[in-house]
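# Architecture at a glance
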Amino acid sequence: MTVLDVSGLSVSFDTDEGIVDVLDRVDFKIREGETHGIVGESGCGKSVTSLAIMGLLPKPSGRVTAGSIKFAGRDILKLSSTEMRSIRGDGISMIFQEPMAALNPVQRVGNQLLESLRTHRSDISTDKARAKCVEMLGHVGIPAPEQRLREYPHQLSGGMRQRVMIAMALVNVPDVLIADEPTTALDVTIQAQILELLKELQRDYGMAVIFITHDLAVIAEISDSVTVMYAGRVVERAPVLPLFDGPQHPYTKGLLGSIPSLAGEPKTDLTTIPGMVPTFFTMPSGCRFSNRCEHAQGRCSETVPSLETVQSSHGVACMRWRDLAKVAT
Amino acid sequence: MHALARLGEGRDLTMRSFPLLEVERLTKHFPVRAGVIPRTVGRVHAVDDVSFTLRRGETIGLVGESGCGKSTVGKTLLRLYDATSGTVKFEGKDVSEMNRAQVRELRKHIQIIFQDPFESLNARHTIGKILAEPFVIQKMGTAAERAQWVGELLNRVGLDVSASNRFPHEFSGGQRQRIGIARAIALSPKLIVCDEAVSALDVSVQSQVVNLLLSLQQEMSLALMFIAHDLAVVKHVSDRIAVMYLGEIVEMRDGEDIYRSPRHPYTKALISAIPVADPRNKSQRTILEGDVPSPINPPSGCRFHTRCQFATPKCSKYRPELEELPDGGLVKCLRWNEIN
Ligand SMILES: Nc1ncnc2c1ncn2[C@@H]1O[C@H](COP(=O)(O)OP(=O)(O)O)[C@@H](O)[C@H]1O
Ligand SMILES: Nc1ncnc2c1ncn2[C@@H]1O[C@H](COP(=O)(O)OP(=O)(O)O)[C@@H](O)[C@H]1O
Ligand SMILES: [Mg+2]
Ligand SMILES: [Mg+2]
């Protein structure tokens with residue numbers, strides 16, 4: 001069953017240089033209990049997507065200009081801010097790359113956790129709430145949880161802080177957890193701990209996860225299905241195996257080729273994508289990837305490609321995907 | 001071949017007998033001060049007893065988790081830090097005995113590039129001025145010649161000459177790193193320390209910069225010390241890799257050997273933790289528990305024993321020394337033979 005359905009989501013920002021259309025008709029659906037990865041390079045709109053879902057776009061500069069976000073049968077874009085507050089942290093929770101930015105530095109970890117719980121469970125007794133917090137910290141792998149509750153965020157290591165964030169996000173057992181680059185700032189050994197923890201918690205709690213990262217290897221590790229974004233648009237979407245076995249979009253292929261592999265031949269030339277992501281003011285018309293694409297033809301800079309079906313749930317937004325697939329075989 | 005590099009080769013002939021760089025038992029401790037009247041209450045063991053040599057044109061990779069001492073090693077090579085003990089010899093000369101003029105000369109031969117090369121540069125200067133500066137400092141060329149060299153440098157790193165009239169903030173991360181590289185190669189150095197130089201870049205741009213570094217290395221027979229926390233990138237560019245943990249080198253091997261048959265339990269865990277861009281390969285991970293202990297009071301004996309699944313009581317008692325492996329690599333583990 002679909003728990004979250006993002007459809008035609010467009011977001012614009014007012015900037016000093018003018019209005020920028022940061023998201024252009026972004027679609028994806030997430031099923032109950034699944035992990036959906038969103039991947040793309042910095043600036044492609046991953047965080048803006050998650051902020052839009054959470055109703056946390058910076059106001060008044062940012063706004064949704066089109067589309068819908070259906071959660072539990074309702075378009076949450078139409079909710080009042082009070083209604084949205086009751087969904088945030090309860091129905092949909094979020095964790096960030098830098099937990100320090102989300103934690104209050106002068107408040108003990110325990111109080112912050114209690115507050116997240118009691119915002120949505122005001123009926124629960126203090127003792128019960130406290131016990132629940134201790135249990136939650138234990139659950140996210142924090143040793144000596146009673147003691148940790150009395151500590152301040154700065155007394156914790158990066159990995160421990162991310163665990164506290166996860167505990168806060170999950171304490172009300174949300175249906176959807178949005179994890180925006182939750183391991184990007186961590187060392188690989190700690191990243192491995194956190195990824196393992198998220199998988200375990202997902203098994204226990206059954207929530208759906210939107211896992212946002214720029215790292216395709218992490219996507220391969222954790223996702224059931226994947227949306228690839230480029231410059232504010234979805235360029236490809238597929239279950240994880242077809243995406244890695246048979247990527248169709250030249251951008252997805254380029255990204256996969258750029259990753260140096262441990263098993264690869266050292267000192268060989270890595271595949272690159274020429275040039276760089278254009279700014280929103282120099283964005284090519286038609287396909288936004290066309291000015292960096294070695295396969296681009298005249299029509300690519302004229303028409304905006306729509307997501308075409310490659311196979312059941314594998315879609316690609318490239319006008320030339322059929323030609324390119326033929327050449328490949 | 002780069003004309004300046006060819007000149008460099010000739011100059012080196014007398015030095016051939018020395019390795020480019022010899023680092024012996026290098027140790028760097030930072031004092032920890034506290035109190036109203038600050039006094040030293042402890043020492044951060046940033047680097048302890050690190051030894052390696054680097055040949056001309058060779059690349060050594062330095063990997064390990066943040067805080068393990070990688071940057072400190074890099075900075076000590078250029079005398080940006082003075083060693084607490086141990087020696088760094090560049091072309092046979094002990095850098096700690098160099099006077100000011102000699103240190104200035106040293107920094108012509110050894111360059112360092114950081115994650116954001118502009119952090120240490122003047123944001124109000126044009127790229128042209130920033131790139132001409134090394135020549136000005138070394139009193140090389142006329143203004144016209146320097147402008148021409150700047151143009152050549154920009155071309156060499158894949159940027160348009162027009163970049164020279166623009167300011168740092170006008171460039172993307174990848175372009176800034178190209179400019180950082182252009183500045184680093186200006187004086188035809190023999191060694192560049194790349195300290196997380198590609199770590200902040202998106203993969204598609206990272207691969208461009210890695211390719212650029214590798215081709216410059218070929219052309220100029222540059223030696224590289226490539227510092228990064230991403231083992232895959234390090235392995236791609238390095239001949240040998242040194243794995244650091246809490247200030248020490250725990251394993252040093254050829255890149256291929258270390259990846260195919262890691263010997264130190266920490267190296268094994270590090271490799272196993274790296275996600276692979278292959279969803280069929282969700283391998284059984286060895287997940288290290290807990291965090292890296294504090295470098296102020298590092299664990300006794302083997303520093304890794306508190307997180308090592310193979311640790312026995314002797315591991316907390318005796319400090320292992322680097323031992324030579326049959327393949328010529330080095331490993332610092334009391335039990336490497338039993339556990340492999
Ligand atoms: N508050 C804002 N005002 C103007 N532009 C913004 C704002 N927040 C984000 N953007 C722009 O939106 C684009 C997408 O940003 P973001 O979603 O943060 O990217 P990422 O994929 O790296 O998370 C970027 O080009 C960014 O500059
Ligand atoms: N200038 C300094 N003063 C005090 N401590 C330092 C200084 N530079 C680094 N350190 C400490 O030395 C250790 C090693 O740091 P560093 O070499 O930067 O590690 P890495 O580059 O591997 O992340 C860390 O514990 C760090 O906090
Ligand atoms: Mg982001
Ligand atoms: Mg460092």
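First things first, this report covers the structure right here in the doc. Quantities reported herein were computed from a predicted structural model and do not represent experimental measurements.

## Here's the deal with the site of ligand 2
Residues and elements named next belong to chain B. In the vicinity of ligand 2 lie 13 residues, with Gly 67, Gly 69, Lys 70, Ser 71 and Thr 72 positioned nearest. The contact in question runs from an oxygen atom of ligand 2 to an N or O atom on the side chain of Ser 71, over 2.8 Å. If ligand 2 stood free it would expose 560 Å²; the protein chains cover 65% of that surface. Contributing elements (two or more residues each) for the shell around ligand 2: strand 2 (39–54) and helix 2 (70–77). With three residues, helix 2 is the single largest residue contributor to the shell around ligand 2.

## As for the site of ligand 1
All names here are of chain A. Around ligand 1, the surrounding shell holds 13 residues, and the nearest of these are Gly 43, Gly 45, Lys 46, Ser 47 and Val 48. In the model, an oxygen atom of ligand 1 is placed 2.7 Å from a nitrogen or oxygen of the Gly 43 main chain. For ligand 1, whose free accessible area comes to 560 Å², the fraction covered by protein is 65%. Every element with two or more residues in the shell around ligand 1 is listed here: strand 1 (2–15) and helix 1 (46–54). Of all the elements, helix 1 adds the most residues to the shell around ligand 1, at three residues. Here the shell around ligand 1 is built from residues that sort into six nonpolar, five polar and two charged.

## Examining the packing of aromatic side chains
Enumeration according to the criterion identifies eight aromatic pairs over all chains in this entry. With centroids separated by 4.6 Å and ring planes inclined at 55°, the aromatic side chains of Tyr 230 of chain A and Tyr 251 of chain A adopt a geometry described as tilted. Linking Tyr 230 of chain A in strand 9 (residues 225–230) with Tyr 251 of chain A in helix 11 (residues 250–258), this pair joins segments that are 21 residues apart in sequence. When sorted by exposure, Tyr 230 of chain A lands in the same class as Tyr 251 of chain A, which is buried. Between Tyr 245 of chain B and Tyr 266 of chain B the ring centres are 4.6 Å apart and the planes differ by 55°, which places this aromatic pair in the tilted class. Residue Tyr 245 of chain B is located in strand 9 (residues 240–245), and its partner Tyr 266 of chain B is located in helix 10 (residues 265–273); the two are separated by 21 residues in the primary sequence. Accessibility expressed as a relative area gives 2% for Tyr 245 of chain B, which makes it buried. Among the aromatic residues, those joined into a cluster by ring pairs are Tyr 230, Tyr 251 and Phe 289 of chain A. Directly above the ring of Phe 171 of chain B sits Arg 166 of chain B, whose terminal nitrogen or CZ lies 4.6 Å from the centroid.

Rules behind the numbers
Residues numbered from 1 in each chain as written. Chains lettered and ligands numbered in written order. Predicted model: local features only at pLDDT ≥ 70, side-chain atom pairs only at ≥ 80, totals over all residues. Heavy atoms only, no water. Near = heavy atom within 4 Å. Polar contact = N/O pair within 3.5 Å; in protein donor to acceptor, adjacent residues only side chain to side chain. Areas by Shrake-Rupley, 256 points an atom, 1.4 Å probe, with all protein chains shown as cover. Helix = DSSP H or I, 4+ residues; strand = E, 2+ residues; numbered from the N terminus. Nonpolar A, V, L, I, M, F, W, Y, C, P; charged D, E, K, R; others polar. Phe/Tyr/Trp six-rings, centres within 6.5 Å; stacked < 30°, edge-to-face > 60°. Buried < 20%, exposed > 50% of the residue type's maximum accessible area, 1.4 Å probe, protein only. Lys NZ or Arg CZ within 6 Å of the ring centre and 35° of its normal.

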